[in-house]
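As a plain string of letters, each chain reads:
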Number of protein chains: 2
Amino acid sequence: MQPQIEFWYEFSSTYSYLAAMRIDQVANRAGVDVRWRPFLLGPIFKAQGYSDSPYNLFPVKGRYMWRDLERLCAKQRLPLLRPETFPQNGVQAARCALVCFSLGYGRRFSRAVFSLEFGAGRDIADEATLREAVKKAGGDPDMVLERAGSQEIKDRLREQTAEAEERGLFGAPSFIASGELFWGNDRLDEALAWAKGERAYLPNEEDPYAPNTGY
Amino acid sequence: MQPQIEFWYEFSSTYSYLAAMRIDQVANRAGVDVRWRPFLLGPIFKAQGYSDSPYNLFPVKGRYMWRDLERLCAKQRLPLLRPETFPQNGVQAARCALVCFSLGYGRRFSRAVFSLEFGAGRDIADEATLREAVKKAGGDPDMVLERAGSQEIKDRLREQTAEAEERGLFGAPSFIASGELFWGNDRLDEALAWAKGERAYLPNEEDPYAPNTGY
């Protein structure tokens, strides 16, 4: 069986954009499968006591983030057009994504949403944007939007977000490889290596990754 | 003239440990000079409204950080022994560092402090630890400790911390290359490349790094 990682992402997250646009290619090169898992960061931030994105609550950090994103997009050859609203409401996009995954084009839809949002500055809370993303993914906008409004899909997104919180996720993107959590686009390579069983050991310990090391 | 980066670090910061133990070697290989600049993160966190390290305020993030550090130390072949107190009070260590830099062994002293703190779990607010670090650096503990208590050194550290805040630093380690800020041990390579004039450009802009792009 091919090694696998889970890719947890949130549509309002800038660094999730970077990860989403490269993960399949990078993982394929590494021989690792990717399971895409959209979730909502809002409820998790709220549970931590944040009323808004930390990038808005701490403007110095926010200014840095946009500049960092600019540099990283340039490096990755991705377009960047900062949307007027940040963070955007990604609830509807996440629901549509769950529908699209059930229809076989969830990745294409997700990448289309991110491209419209951060590459073209579009509002992903706007139904027209989501329709366009479904079309770009080769799907039927009417059907996807209708199913996205169903109780079943709403519940599934709520469950997926609850699972994220239970498993210790506190930011996006995050990767899980063999039960190990990696946070941030910067940790994609480490997660892929971990999935393949590659480990380094601390010089002062025999097996630092044994359970209950106290860390 | 050789390109240069500034290395801003805080003695209580775990990721500053990782950066401090590798920066000279990595920068030397890249042909870039490093200017080491210790500062205090406490006053900057306080100005942001944090009463403690975010890793303590958000325990889920804190648990992740220690695990991440464990993995990264293993990769970097660095010992890791988590100190009882976190974050530690690094004021006295930073003052001593300024004295040691004026005497020509500030880097050796700084690395010794980090090694004792995170490699051996020692308390850097304890004078005995600082004396040991000065000795490891080849210096005279009595003289360094005495000078570290002078008004001149106290003022210099306060000024250095004020400069960090003015220049937009909000975390440690940070690197500044040709006026450009890079945050986090993960951005060392990017900072070195920037110092050497290596730039990537956004596909949708002619020169995204021109001033006043709005980001």
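Scroll up to find the structure.
Everything in this summary refers to the structure shown in the same document. (Residues numbered from 1 in each chain as written. Chains lettered and ligands numbered in written order. Predicted model: local features only at pLDDT ≥ 70, side-chain atom pairs only at ≥ 80, totals over all residues. Heavy atoms only, no water.)

1. Side note on the overall build of chain A
1) Next: Tallying secondary structure elements over chain A gives ten helices and four strands in all.
2) Next: Ordering the α and β elements of chain A from the N terminus gives β-α-β-α-α-α-α-α-α-α-α-β-β-α.
3) Next: Relative to the globule expectation of 17 Å for 215 residues, the C-alpha radius of gyration of chain A, 18 Å, shows essentially globular dimensions.
4) Next: Taken over the C-alpha atoms alone, chain A extends approximately 55 × 45 × 35 Å along its principal axes.
5) Next: Burial statistics for chain A: of 215 residues in total, 53% are counted as buried.
6) Next: The long-range share in chain A, meaning contacts at least 24 apart out of those at least 6 apart in sequence, stands at 69%.
7) Next: Of the roughly 9500 Å² of accessible surface on chain A, 45% is carried by carbon and sulfur atoms.
8) Next: Counting 28 positive and 30 negative side-chain charges, chain A places the centres of these two groups 5 Å from one another. (Helix = DSSP H or I, 4+ residues; strand = E, 2+ residues; numbered from the N terminus. Rg over C-alpha atoms; globule rule 2.2 N^0.38 Å. Buried < 20%, exposed > 50% of the residue type's maximum accessible area, 1.4 Å probe, protein only. Contact = heavy atoms within 4.5 Å. Areas by Shrake-Rupley, 256 points an atom, 1.4 Å probe, with all protein chains shown as cover. Lys, Arg positive; Asp, Glu negative; His and termini not counted. Charge placed at Lys NZ, Arg CZ, Asp CG, Glu CD.)

2. Notes on the sheet that holds strand β2 (residues 33–38) of chain A
All names here are of chain A.
1) Next: Spatially, four strands are ordered β2-β1-β3-β4 in an open sheet, and the strand pairing comes out mixed. Strand pairing shows two members of the sheet lacking a second neighbour, β2 and β4 (180–183), which therefore form its edges. Here the average twist between neighbouring strands, direction ignored, is 25°. (Pairing = 2+ DSSP bridges. Axes fitted to C-alpha atoms, helices over the stretch in contact; angles between N-to-C directions.)

3. Observations concerning the pattern of salt bridges
Residues and elements named next belong to chain A.
1) Next: One pass over the full model with this rule turns up 36 salt bridges over all chains.
2) Next: For Arg111, the salt bridge is made with Asp24, and the minimal N-O distance between the two is 3.0 Å. Taken together, the positions of Arg111 in helix α6 (residues 106–119) and Asp24 in helix α1 (residues 14–30) put the pair 87 residues apart, joining distant regions of the chain.
3) Next: A residue is classified by how much of its surface remains accessible, and Arg111, at 25% relative accessible area, is partly exposed.
4) Next: With its nearest N and O atoms 3.0 Å apart, the salt bridge here joins Glu127 to Arg131. Of this pair, Glu127 and Arg131 are both found in helix α7 (residues 127–136), four residues apart, which corresponds to roughly one turn of the helix. (Salt bridge = Lys/Arg side-chain N within 4 Å of Asp/Glu carboxyl O.)

4. Looking at the pairing of β2(A)
1) Next: Here strand β1 (residues 4–9) of chain A runs beside β2(A); their pairing, made up of six bridges, is parallel. Across the sheet, the residue bridging to Tyr9(A) is Pro38(A), located in β2(A).

5. Things to note about the interface of chain A and chain B
1) Next: Contacts between the two partners involve 45 residues from chain A, matched on the other side by 45 residues from chain B.
2) Next: Summing both partners gives a buried area of about 4200 Å² for chain A against chain B, and 54% of it is carried by carbon and sulfur.
3) Next: The interface formed by chain A and chain B holds ten salt bridges in total.
4) Next: Put simply, Glu190(B) and Lys75(A) hold a salt bridge, and the shortest N to O gap is 3.0 Å.
5) Next: The interface formed by chain A and chain B contains 14 residue pairs in polar contact (both at pLDDT 80 or more).
6) Next: Elements supplying a minimum of two residues to the side of chain A that touches chain B: α4 (59–76), β4 and α10 (188–195) of chain A. (Buried area = accessible area lost by both parts, 1.4 Å probe. Polar contact = N/O pair within 3.5 Å; in protein donor to acceptor, adjacent residues only side chain to side chain.)

Function cannot be inferred from these measures alone, as they are strictly geometric.
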